[in-house]
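Understanding the architecture of this molecule
Single-letter residue listing:
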Amino acid sequence: IAGFKRAHPEVEISLDDYSSHEQVCKLCNGELDFGFVRQPAGADLVFLPLLDEQLVLAVPVHSPLSSEPDDLTVLNAVGFIALNPGKGPGLAGQIAQWAAVRNFSPRITQYCDDIQTILAVVSAGLGLAIVPRQAIQLLPAKIKSIALEGPATQWRIGLAWQTEMNNPLSKRFIEYASDSIRPLT
């Protein structure tokens, strides 16, 4: 986005924070030109894969944890800070799948409406969180991440848009993204 803005300084870019589910609905209804969403995006949408994401355990930087414990129930002693499922149904589903495979039920002590708040609460030592790896970049000095292993820990993120796009400026952005970013295969 920053590179496109530098190449086209006359263009105004508006960004909103919607879940992948909300974006797909808005894309299909013509309310959104393109979005960065989880794969699979939707039957009527084109999807350009951009990055692979992974679930991580976010812990305060001073935590003695350095790897995923064999007995996950020890994590429930501290408790988990979680994203309100209505704000991130895809992430909530991903975490639920991972937990089900591991036969683990995280003890949620607090829900938040955004990942930044979750990480702030974790950095204050008030709980742990399961978040996307990329989210740790929001507070890298105060949070450390521990990769979670096994099925349902990874997913793909990409750019999605309607097959029939009528907005020439959006088409230009998609062409720029397709040419500038080395997509995943």
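Rules used throughout
- Residues numbered from 1 in each chain as written.
- Predicted model: local features only at pLDDT ≥ 70, side-chain atom pairs only at ≥ 80, totals over all residues.
- Heavy atoms only, no water.
- Pairing = 2+ DSSP bridges.
- Helix = DSSP H or I, 4+ residues; strand = E, 2+ residues; numbered from the N terminus.
- Right-handed = clockwise from strand over helix to strand, strands pointing away.
- Salt bridge = Lys/Arg side-chain N within 4 Å of Asp/Glu carboxyl O.
- Buried < 20%, exposed > 50% of the residue type's maximum accessible area, 1.4 Å probe, protein only.
- Contact = heavy atoms within 4.5 Å.

1. What to know about the pairing of strand β4 (residues 108-112)
In this sheet, β4 lies alongside strand β3 (residues 80-83) in parallel orientation, the contact comprising four bridges. Note on β4: the bridge partner recorded for I81 is Q110. You can see the chain leave β3, run along helix α3 (residues 89-101) and come back into β4, and the turn it takes is right-handed.

2. Section: the pattern of salt bridges
Summed over the entire model, instances satisfying the criterion amount to four salt bridges. Between E31 and K26 there is a salt bridge, with its nearest N and O atoms 3.5 Å apart. Judged by relative accessible area, E31 falls into the exposed class, the value being 52%. Measuring nitrogen to oxygen at the nearest pair gives 2.8 Å for the salt bridge that ties D52 to R156. Pair noted here: D52 is in strand β2 (residues 45-60) and R156 is in strand β7 (residues 154-162), with a separation of 104 residues, a long-range link. Under the relative-accessibility criterion, D52 is labelled partly exposed at 33%.

3. As for the environment of L126
Within the element layout of this structure, L126 appears in the loop between α4 (115-123) and β5 (129-132). For the pair L126 and L138, spaced 12 residues apart in sequence, the C-alpha separation works out to 18 Å. Ignoring anything within four residues of it in the chain, the contact list for L126 reads I81 and V121.

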